[in-house]
Amino acid sequence: MKVLASLLLSTALLAQGLNSGSGGHLSDNPASPSSEGAGKSSAPAIATPKLVSELTVTVNQSLILDQPAGIRRISIASADIAEAAAASAQEILVNGKAPGDTTLLVWDARGNRQAYEVHVLASSSKVDAVVHEMTREVGPDVSLTISDGTVFLSGTVKDSIAADRANAIASTLGKVVNLLRVTVPPGDPQILLKVRFADVDRSAALQLGLNLYSLQPKGIAGSTTGQFGSVPTWSLNEQNGQGSLAWSLSNLLNLSYFDPEINIGAILQDLQAKNILQILAEPNLLTLSGRPASFLAGGEFPFPTLQGGAAGVGQITIQFKEFGIRLNFLPTVTPRGTIHLVVTPEVSSLDYSNGLTVSGYTIPGLSTRRVQTEVELENGQSFVIAGLLDNQVTEQLNKMPGIGDIPILGKLFQSKSVNKTNSELLVTVTPELVGPIPAGLKPPGMNFPKAFLEGSSKNAPQTPGPAVTGPVPSLPKSSTLPIEQLKNPPAAGSLPANPGVAPLLGLQPILTIQPIQQPAPAPGAQPSNPAPNN
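Residues numbered from 1 in each chain as written. Predicted model: local features only at pLDDT ≥ 70, side-chain atom pairs only at ≥ 80, totals over all residues. Heavy atoms only, no water.

Quick word on the side chain of H119
Here is step 1: Mapped onto the elements, H119 comes out in strand β7 (residues 113-121).
Here is step 2: Within the local environment of H119, its side chain forms a polar contact with the side chain of E54, the two groups lying 3.3 Å apart.
Here is step 3: In contact with H119, not counting residues within four places along its chain, are E54, L55, T56, V57, G100 and D101. (Helix = DSSP H or I, 4+ residues; strand = E, 2+ residues; numbered from the N terminus. Polar contact = N/O pair within 3.5 Å; in protein donor to acceptor, adjacent residues only side chain to side chain. Contact = heavy atoms within 4.5 Å.)

Side note on the sheet that holds strand β9 (residues 150-157)
Here is step 1: One open sheet holds the four strands; their spatial order is β8-β9-β10-β24, and the pairing between them is mixed. In the strand order of this sheet, the two ends are held by β8 (142-147) and β24 (480-482), each with one partner. Taken over all neighbouring pairs, the strand axes of this sheet differ in orientation by 15° on average, direction set aside.
Here is step 2: Contacting β8 and β9, helix α2 (residues 124-138) runs over the sheet at an angle of about 155° to β8. (Pairing = 2+ DSSP bridges. Axes fitted to C-alpha atoms, helices over the stretch in contact; angles between N-to-C directions.)

Some points on unusual backbone geometry
The phi angle of most residues is negative, glycine excepted, and most peptide bonds adopt the trans form.
Here is step 1: Of note, N60 is a non-glycine position whose phi angle comes to about 65°, a positive value.
Here is step 2: Mapping N60 onto the fold places it in the loop between β1 (50-58) and β2 (62-66).

Notes on the environment of A281
Here is step 1: Summarising the element assignment, A281 is placed in strand β15 (residues 264-281).
Here is step 2: Note on A281: relative accessible area 3%, which makes it buried.
Here is step 3: In the structure, A281 is positioned 84 residues away from F197 in sequence and 4.9 Å away in space, judged by C-alpha atoms.
Here is step 4: Not counting chain neighbours up to four residues away, the residues in contact with A281 comprise V195, R196, F197, I325 and V347. (Buried < 20%, exposed > 50% of the residue type's maximum accessible area, 1.4 Å probe, protein only.)

What about the pairing of β15?
Here is step 1: Note that strand β11 (residues 190-213) and β15 share 17 bridges and pair antiparallel. Opposite A204, over in β15, you have K274 as the bridge partner.
Here is step 2: Pairing analysis gives five bridges linking strand β14 (residues 255-259) to β15, with the strands arranged antiparallel. Of the residues in β15, the one forming a bridge with Y257 is A266.
Here is step 3: Between β14 and β15, which follow one another and run antiparallel, lie four residues, and N263 among them has a positive phi close to 60°.

Remarks on the environment of V384
Here is step 1: Considering the arrangement of structural elements, one finds V384 in strand β22 (residues 383-399).
Here is step 2: Those residues in contact with V384 that sit more than four places away from it in its chain are L426, V427 and T428.

Considerations on the confidence of the model for the protein
Here is step 1: For the protein, per-residue confidence averages 75 on the pLDDT scale, and 73% of positions sit at 70 or higher.
Here is step 2: Mean pLDDT across the secondary structure elements of the protein bottoms out at helix α6 (residues 502-505), with 37, and peaks at strand β21 (residues 373-377), with 92.
Here is step 3: Note on residues 1-47: pLDDT under 50 across the span, and 10 contacts to partners over four residues away in sequence or across chains.
Here is step 4: Contacts for the low-pLDDT stretch residues 492-534, under 50 throughout, to residues beyond four places or in other chains number 46 contacts. (pLDDT = per-residue confidence, 0-100.)

A look at a nonpolar patch on the surface
Here is step 1: Together, L208, L255 and L268 give the surface a local cluster of nonpolar side chains, amounting to about 260 Å² of exposed area.
Here is step 2: Classification of L255 as exposed rests on a relative accessible area of 54%. (Patch = residues over 30% accessible without salt bridge, like charges linked within 9 Å, V, L, I, M, F, W, Y side chains within 5 Å. Areas by Shrake-Rupley, 256 points an atom, 1.4 Å probe, with all protein chains shown as cover. Salt bridge = Lys/Arg side-chain N within 4 Å of Asp/Glu carboxyl O.)

Here's the deal with the packing of α2 against helix α3 (residues 160-170)
Here is step 1: The interhelical angle for the contact between α2 and α3, taken along N-to-C directions, is 170°, at an axis separation of 10 Å. Between α2 and α3, the interaxial angle falls into the category roughly antiparallel. Residue-level contacts link V130, E133, M134, E137 and V138 of α2 to A162, R165, A166, I169 and A170 of α3. (Parallel < 35°, antiparallel > 145°, perpendicular 65-115°, else oblique.)

Right, here's the structure in full:
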């Protein structure tokens, strides 16, 4: 009976309060007197949800919210942070999904609204596990702070790899704001590549033969093996009882005899030749680890190229091809403490013996020795990356059939040529880690065999030193820098934000400039001097 009486009294008081209020809605200012609106007819005020409490839940955990007045409708602002569902007619189940804050609105059976501020926190065990893993992977100098579902990552790491790893670990807790700083890396190793290119070509030739010929078609019409070119041409002119004799020889080293009385001549070829060619090239080239480098000591020669034109009429343009001593290589210091090399040494020279003659101009060929390979060595070690031994013997025997087979006499109708060649090639590479010459020490120079012109300057013109211009400010240095500056170095040609740091990080690969193609001058036009290369 007491319970029934209490329930009836509560219902009566609640009905009286609803009739005396402004339409049954919660007032924004509960301290305002109720008599202010007496005797006045005004529009009902818009009901606003009342924040009665704050709810705190952990990710992957749940809580029960009791609603004695019943539940008509539920709405949550962000379903990605938390979810809410009616567990019964008077209970709401709230589940935490991701760290952050959101708002929960609940309408009871009478239409009243209530708002709850829901705070979803990361699991303390998960946060501890993330902090432990981050300390183990990147060190104790990195810390993280979680606020409103956002993870702020701060501290100092040794390199960009550690920064990426810390960011990946912290992202398991939510959205990450990366505020890490990276220790300025030391200078890249500087690698000096020494290449030794040795080449020896030797050849020996022996030629022996006899050619018989006649100036008249009568008698012996001409007997020659054709081994050593054409026979001489003779011209006999008689005028006023005096005669003159003119002739031309294809090889002045031949022994030649001609008897005009019997109109028979003979040429004896008996030559021995020896040739030797020695090449020793030792180019040295310095670059940073991971940066390509190129070296060329030589020149460029022009050669015409036929280009397609209208109506099938080609146009001849001039291109340039490089020759000389060239070295291209790309070194990389590996974690094993070795130096990985991609190297292409080349030695080429102009070869006029295999050239072409076009419109009176001789276009030489190229005699090239090139090696392209990849090797891995330690500092100071050497590798023979190429070696060649080539021995060739060529023997030719020409004779007239029948008469050339007669013993002793047949030797007069034979020609013999023997050529022997020998080529030896050796290419070695030696990488070395080197440092710059300390300031104040004299750099290496060269010994010039001849003195220069008297009265010329001994030193190159330059800006006076600090003794004249005053003290020079020291270059700024920084021990750490933001991760964004390390990952996004300034582009080539732009000024870095920190002159003391960015040039170390923003080095760009060496650019390769292609030769400029100059078109051939029109027929009858005067050739112009080519523009110098800047």
